[in-house]
Amino acid sequence: MFPHRTLSFLVLVIFAVEKCSAFTPVYSNLLRRIDNIGALTEEQKSRILNANSDGLEKVKMKQDCMALNRNANKSSGIYVIQPKGHKPLVVYCLMDTPGKGWVVLQHVSKKSNTSFARSWDIYEHTFGDLENDHWLGNEYINWITQQARYEVRFLIDTGFKKVEIDYVSFNIENGTNKYKLRLGAPISGSQDEKVLMINKNDNMLFSTIDQDNDKDQNQNCAQVVGGGWWFNTCSSVVFNNQQIRWPGICDNCQSATILIRRTFANCK
Ligand SMILES: [Ca+2]
């Protein structure tokens, strides 16, 4: 058995580990329930904006960022949401822009260290840093967008100006249907540019470097372009760390963000 001195040391170590644990049992229990908690660092876990030492056990969780921000001017940051019928998720909520309450699906900057040349399985869940360059995950995007009607904003930094292109609706189908993109009519942006996603990408299946579901018979666009997307052909819009491109706006854009929020507008 252990000598007395060793035993004392072990007891001290165990005590120290207990004392150093940043989270209360209730908070730890909340973290365990979050499906994509692995996307957060330990430091990020400690500052989820709608969680506290009492966790969220006594609070009914909200389905998205819009619901969280309905009656308050909350800060942007990491929040827990719970899409209807699914497990809780951590997402980045953009709260301090006009029309507060956007869920960030993707943020990518040119020459980011976060690679987007990932496999199908990786694209299904969250990768990257929620507070920086990341992909929220196709499975989670499906969970969120199937519970209500959502509009989408593509936010592009050309290096000279920021361009917003909005569509009245956005959802993606489930994994069995290859996360097919369903996009509504454009509501902002110049005429030629805004129809691009409709003409080219609407109703396309998602493709990744290991799963070619695009319309190009000769190649896998995800491999050619360096990231997953709802490809039709390999040209047109694409957002990843090797190429951020929206033809007509910028072929070598600095950054791009995809945002969605619940809308109560009538279908068009
Ligand atoms: Ca192909």
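It should be noted that the structure appears before, not after, this text.
The numbers attached to residues start from 1 for each chain and follow its sequence in the written order. Given that the model is predicted, a residue must reach a pLDDT of at least 70 before its local features are reported, and side-chain atom pairs must reach 80 or more before they are shown or counted; all residues, however, enter totals for whole chains, interfaces and linings. Side-chain calculation: all heavy atoms of the structure are included, whereas hydrogens and water are not.

Novice: How should I be thinking about the coordination of the calcium ion in this particular structure?
Specialist: Ideal geometry at a metal centre gives angles of 109.5 degrees when four donors are arranged tetrahedrally and 90 or 180 degrees when six donors are arranged octahedrally. Metal-coordinating donors are taken as N, O and S atoms lying within 2.8 Å of the metal, or within 3.2 Å when the metal is Na, K or Ca; because water is left out, some sites can appear incomplete. Coordination of the calcium ion by the protein involves Asp 212 (OD), Asp 212 (OD), Asp 214 (OD), Asp 216 (O) and Gln 219 (O), with metal-donor separations of 2.3 to 2.6 Å. The sequence pattern formed by the donor residues of the calcium ion is D-x1-D-x1-D-x2-Q. Only protein chains enter the accessibility calculation, which uses a 1.4 Å probe; a residue whose area is less than 20% of its type maximum is buried, one above 50% is exposed, and one in between is partly exposed. Residue classification places Asp 216 among the buried positions, given a relative accessible area of 16%.

Novice: Mind showing me how you'd approach the environment of Gly 38 here?
Specialist: Note on conventions: DSSP H or I runs of at least 4 residues are helices, E runs of at least 2 residues are strands, and numbering of each starts at the N terminus. Here Gly 38 lies in the loop between helix 2 (25-33) and helix 3 (42-45). Sequence-wise, Gly 38 and Val 90 are 52 residues apart; in three dimensions their C-alpha atoms are separated by 9.8 Å.

Novice: Could you clarify how one ought to interpret the nonpolar core in this entry?
Specialist: It is characteristic of soluble globular proteins that their nonpolar side chains tend to be buried jointly. By nonpolar core we mean a set of buried residues, namely Ala, Val, Leu, Ile, Met, Phe, Trp, Tyr and Cys, connected to one another through side-chain atoms within 4.5 Å. Grouped together as the largest cluster of nonpolar side chains are 72 residues, with contacts concentrated most on Ile 48, Leu 136, Phe 170, Trp 230, Phe 239 and Trp 246. Among the elements that line this core, the one with the most residues is strand 2 (residues 89-94), at 6 residues.

Novice: Sorry if this is basic, but what is going on with the pattern of salt bridges here?
Specialist: Here the idea is simple: oppositely charged side chains can pair when their charged atoms come close. By convention in these notes, a salt bridge is any Lys or Arg side-chain nitrogen within 4 Å of a carboxyl oxygen on Asp or Glu. Under the defined criterion, the tally for this structure stands at 10 salt bridges. Note that Asp 64 and Arg 262 form a salt bridge whose closest N and O atoms lie 2.9 Å from each other. Of this pair, Asp 64 sits in the loop between helix 3 and helix 4 (65-68) while Arg 262 is found in strand 12 (residues 255-262), placing the two residues 198 residues apart along the sequence. In terms of burial, Asp 64 and Arg 262 fall into one category: buried. In the salt-bridge network here, residues are joined through shared partners; they are Glu 43, Arg 47 and Glu 131.

Novice: Explanation requested: helix 6 (residues 138-145) in the structure shown.
Specialist: Most of helix 6 is tucked away, with 7 of its 8 residues classed as buried. Burial in helix 6 covers these residues: Asn 138, Tyr 140, Ile 141, Asn 142, Trp 143, Ile 144 and Thr 145.

Novice: Teacher, can you tell me more about the pairing of strand 3 (residues 102-109) here?
Specialist: In summary, the side chains of a regular strand alternate between the two faces of the sheet. Taking burial as the measure, the 8 residues of strand 3 include 7 buried ones, the bulk of the element. Any two strands between which DSSP finds at least two bridges are classified as paired. Sheet topology note: the strand 2/strand 3 ladder contains 2 bridges and is antiparallel. Pairing of Leu 94 across the sheet is with Trp 102, part of strand 3. With 6 bridges joining them, strand 3 and strand 12 adopt antiparallel strand pairing. Residue Ser 109 lies in a different strand from strand 12, and its bridge partner there is Ser 255. Relative to strand 5 (residues 134-135), strand 3 runs antiparallel, the two sharing 2 bridges. If you follow His 107 over to strand 5, its bridge partner there is His 134.

Novice: How should I be thinking about the environment of Ile 258 in this particular structure?
Specialist: As for its placement among the helices and strands, Ile 258 is situated in strand 12. Contacts were defined at the residue level, with two residues in contact if any of their heavy atoms lie within 4.5 Å. Residue contacts for Ile 258: discarding those within four places in its chain leaves Val 103, Val 104, Leu 105, Gln 106, Val 152, Arg 153, Phe 154, Trp 229 and Phe 239.

Novice: Explain the state of the cysteines to me, please; I cannot follow it from the model alone.
Specialist: Each disulfide consists of a covalent bond between the sulfur atoms of two cysteine residues. When two cysteine sulfur atoms lie within 2.5 Å, the pair is treated as a disulfide. On inspection of all chains with the given rule, the structure shows 3 disulfides. The partner cysteine of Cys 65 in its disulfide is Cys 93, sulfur to sulfur 2.1 Å. In this structure the cystine formed by Cys 65 and Cys 93 twists about its S-S bond by roughly -75°; its chirality is therefore left-handed. Taken together, the residues Cys 65 in helix 4 and Cys 93 in strand 2 connect sequence positions 28 residues apart. Looking at Cys 93, the relative accessible area reads 0%, which means it is buried. Note on cysteine connectivity: Cys 221 is disulfide-linked to Cys 234, with sulfurs 2.1 Å apart. One disulfide, between Cys 221 and Cys 234, carries an S-S torsion of -80° and so falls in the left-handed class. With Cys 221 in helix 9 (residues 221-225) and Cys 234 in the loop between helix 9 and strand 10 (238-239), this pair connects stretches of sequence that are 13 residues apart. Regarding the disulfides, the chain carries the connectivity 1-2, 3-4, 5-6 under sequence-order numbering of its bonded cysteines.

Geometric descriptors of this kind do not, in isolation, establish any biological role.
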